[in-house]
Amino acid sequence: MAIHAEGLVAIVIFYMLILFVGIWAAWKNKNSGVSKGADRSETIMVGGRDIGLFVGGFTMTATWVGGGYINGTAEYVYLPDYGLAWAQAPFGYALSLVVGGLFFAKPMRSRGYVTMLDPFQQLYGKRMGGLLFIPALMGEIFWSAAILSALGATLSVIVDIDINMSVVISAMIAIFYTLVGGLYSVAYTDVVQLFCIFLGLWISVPFALSNPAVSDILVSAKETIYQSPWLGKIDSNDTWLWADNFCLLMLGGIPWQVYFQRVLSASSASYAQVLSFLAAFGCLVMAVPSVLIGAIGASTDWNQTSYGALPPKEKDESDMILPIVLQHLCPPYISFFGLGAVSAAVMSSADSSILSASSMFARNIYQLAFRQSASDREIVWVMRITIFVFGALATAMALLTGTVYGLWYLSSDLVYVIIFPQLISVLFVKGTNTYGSVAGYVFGLLLRIGGGEPYLKLPPFIFYPGWVTQEKIHHLTGDVEYFIQQRFPFKSVSMVASFLANVAFSYLTKYLFESGTLSHKYDFLDAVVSKHSKEIMDKTTLVGNHDNIILSEMAPVRQALGTSLAGTFTNTEVLSDDGESSPEPFHNEN
């Protein structure tokens, strides 16, 4: 296939713009936070906690609005058996940000945490923090891999260049400016990313709508023209499945480091809430052009276009409907501008997940679990190394693994089923302990894995009520694939079971040990008996491998910044404007 020179030029221009903004942001803010006394590592993770309303609103919106969001929304609107009724991401993630802003942003920001895993390690100890790091890491890495995989496919539509080369180049650019500037580079490139998406898609939509091959989308919304109406419908048999998926987006979209990374970088707890609400509105606004493009794809007679007689759904290319519409229904110069902008935006949306994963590893695994005495310079280098390693890992998965989307679906389910109930427990339920946390983890994991995962061809070993056998036809090969579909809302049931197991086992073990039914020597996790455990980080001590580190021996708390160690676990009311509205931190009691 011939390389499209115009498309290649557009890609280069937009990529250079993203790279320039990332490097400029790093240079502009190189002394931010550090000059006020904050650690360099914390500045990389949360940007000195001085992200303002304008940049903060854009970067919070970009938590979910990226390549996967706009492509996925257009795909579901286009798919004949789904339509707008099943395009749940816009409303699901918008409500996720609203719920996060109402209930989670203020307590997390006001206590001066640096990563999402801090409260878990504070209450449940370093080993439990390490266990919870696993699904969180999987979610971030697989999300980055899915983004890069989609990007390679998109670029192949635009310029007909090698997919592997495009993925590697895109990943290298994102890794480079993230290495240089940390959260500042991520935040400022998010601003450019959203402008690119907004302008690129809205410039293209009028041209696509006016193409002679496209029917009136208001008519095709309710009537069958080339395929079933794009508004879609929810069959009564699928009601619980729809509700389960919606809860997964709404509640499962909260416990992600990419979200709390933005929350914790806000200049105040109240700002963090406002940014969440602004981002919820931004999610809905940014979804509109994707919905229109999906509707245009469903209303097009593809035989009249340069794409060919067969529509994308019969070529198993429904997931690429957005770049296909822009490529074949718009004039070339508009097509290349729109696709170039979208591709640059997709590339930019992989950076925050890579930074999130490296932040959690450097702080919660390396520093708090193994090297409490590590210098700030050492933590910075660990972050830089892990940014490169996790970026390379996501790139390799995008190139070598054909089931990257299945891996991300499963890992996002685990975030919902395991981490969300643990987050509720650690912030709002007094008296939970490490034994309950482990029980909730195991219950949630078994119940979710037991339901199977069709994308990974993982068969279920728990058949929930209402399960059915479905078939999937691969149009290009004619192969028929059979899989088990669980119509029971087992993901949400698994989440609730995980929460109840956490609370029940916490209170049970507390009663057994404190009543003397079980000897204190069996409290091997030191979660109930030992108030000043080596494994529990409480108000007075921070864990050492052998000796407790007294906080008075460490750097004093800096109110405005929330220092990475002392401030995280002692200053529970970092900001004066929060008063008594934030829940008090809970610790194990004898």
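A brief structural summary. (Residues numbered from 1 in each chain as written. Predicted model: local features only at pLDDT ≥ 70, side-chain atom pairs only at ≥ 80, totals over all residues. Heavy atoms only, no water.)

**What to know about the overall build of the protein**
Thought 1: Each helix and strand in the protein was counted, giving 21 helices and 4 strands.
Thought 2: In the protein, which comprises 590 residues, the proportion classed as buried is 61%.
Thought 3: For the protein, contacts bridging at least 24 residues in sequence account for 79% of all contacts bridging at least 6.
Thought 4: When the accessible surface of the protein is summed, it comes to about 22,700 Å², and 67% of that surface belongs to carbon and sulfur atoms. (Helix = DSSP H or I, 4+ residues; strand = E, 2+ residues; numbered from the N terminus. Buried < 20%, exposed > 50% of the residue type's maximum accessible area, 1.4 Å probe, protein only. Contact = heavy atoms within 4.5 Å. Areas by Shrake-Rupley, 256 points an atom, 1.4 Å probe, with all protein chains shown as cover.)

**Topic: helix α4 (residues 67-78)**
The α-helix winds at 3.6 residues per turn, so residues separated by three or four positions along the chain end up facing the same way.
Thought 1: Helix length check: α4, at 12 residues, gives a terminal C-alpha distance of 17 Å against a target of 16 Å (1.5 Å per residue), a fit within 8%.
Thought 2: Of all the 12 residues making up α4, 9 are buried; the element is thus mostly covered by neighbouring parts of the structure.
Thought 3: Listing the buried residues of α4 in full gives G67, Y69, I70, N71, T73, A74, E75, V77 and Y78. (Expected span 1.5 Å × (residues − 1).)

**Here we look at the packing of aromatic side chains**
The description of an aromatic ring pair uses the distance of the two centres, along with the angle that the planes make with each other.
Thought 1: One pass over the full model with this rule turns up 24 aromatic pairs.
Thought 2: Considering the side-chain rings of Y435 and F524, the 5.7 Å spacing of their centres and the 80° angle between planes classify their relative orientation as edge-to-face. Here Y435 is found in helix α19 (residues 434-450), whereas its partner F524 is found in the loop between α20 (490-514) and β3 (541-542), with 89 residues between them in sequence.
Thought 3: Here a set of aromatic residues connected by ring pairs shows up, and it is made of W64, Y93, W143 and W256.
Thought 4: Above the ring of Y307, the side-chain terminus of K315 is found at 4.2 Å from the ring centroid.
Thought 5: Here the basic side chain of R384 rests over the ring of W381, its NZ or CZ set 5.0 Å away from the ring centre. (Phe/Tyr/Trp six-rings, centres within 6.5 Å; stacked < 30°, edge-to-face > 60°. Lys NZ or Arg CZ within 6 Å of the ring centre and 35° of its normal.)

**Description of the pattern of salt bridges**
Thought 1: Under the definition given, this model contains 11 salt bridges.
Thought 2: Measuring nitrogen to oxygen at the nearest pair gives 2.7 Å for the salt bridge that ties E378 to R371.
Thought 3: A salt bridge links K510 to E514, with the shortest nitrogen-to-oxygen separation between them at 3.0 Å. In this pair, K510 and E514 are both assigned in helix α20, 4 residues apart and thus about one turn of the helix distant.
Thought 4: By relative accessible area, which is 19% here, K510 ends up buried.
Thought 5: Classification of E514 by relative accessible area gives partly exposed; the value is 41%.
Thought 6: Several salt bridges converge on common partners, so that one network encompasses D413, R448, E453 and K491. (Salt bridge = Lys/Arg side-chain N within 4 Å of Asp/Glu carboxyl O.)

**Overview of the nonpolar core**
Thought 1: In terms of nonpolar packing, the biggest core is built from 150 residues, with F260 and V325 touching the most fellow members.
Thought 2: Sort the elements by how many residues they give to this core and helix α7 (residues 126-159) lands first, with 15 residues.
Thought 3: If we ignore the near neighbours within four places in the chain, the residues touching F260 are F104, M108, M116, I254, P255 and L423.
Thought 4: By size, the runner-up hydrophobic cluster in this structure holds 5 residues, among which are F513, L525, A527 and V528. (Core = buried A, V, L, I, M, F, W, Y, C linked by side-chain atoms within 4.5 Å.)

**Side note on unusual backbone geometry**
Generally, phi is negative for residues other than glycine and the peptide bonds are trans, each holding for most cases.
Thought 1: Backbone geometry places K457, a non-glycine residue, at a positive phi of 55°.
Thought 2: By the secondary structure assignment, K457 is in the loop between α19 and β1 (468-473).
Thought 3: At D526, a residue that is not glycine, the phi angle is positive and equals roughly 50°.
Thought 4: With respect to the element layout, D526 can be found in the loop between α20 and β3.
Thought 5: Classification of D526 as partly exposed rests on a relative accessible area of 29%.

**Let's talk about the side chain of S425**
Thought 1: Here S425 shows up in helix α18 (residues 404-428).
Thought 2: Side chain to side chain, S425 and N502 meet in a polar contact 3.3 Å long. (Polar contact = N/O pair within 3.5 Å; in protein donor to acceptor, adjacent residues only side chain to side chain.)

**Concerning the packing of α4 against helix α14 (residues 321-329)**
Thought 1: The geometry of α4 relative to α14 is characterised by a closest axis approach of 8 Å and an angle of 85° between their N-to-C directions. Comparing the axis directions of α4 and α14 gives the class roughly perpendicular. On α14, the residues that touch I70, N71, A74, E75 and Y78 of α4 are I321, L322 and P323.
Thought 2: For the contact of α4 with α14, the per-class residue count stands at 6 nonpolar, 1 polar and 1 charged. (Axes fitted to C-alpha atoms, helices over the stretch in contact; angles between N-to-C directions. Parallel < 35°, antiparallel > 145°, perpendicular 65-115°, else oblique. Nonpolar A, V, L, I, M, F, W, Y, C, P; charged D, E, K, R; others polar.)

**A look at a nonpolar patch on the surface**
Thought 1: A grouping of F54, F195, F198, L199, W202, I203, F207, V288, Y333 and F337 is seen on the molecular surface, where their side chains present a nonpolar patch of about 920 Å² in accessible area.
Thought 2: Those elements that provide at least two residues to the nonpolar patch are α9 (183-209) and α15 (332-348).
Thought 3: Tallying contributions element by element places α9 first for the nonpolar patch, with 6 residues. (Patch = residues over 30% accessible without salt bridge, like charges linked within 9 Å, V, L, I, M, F, W, Y side chains within 5 Å.)

Structural measurements only, silent on function.
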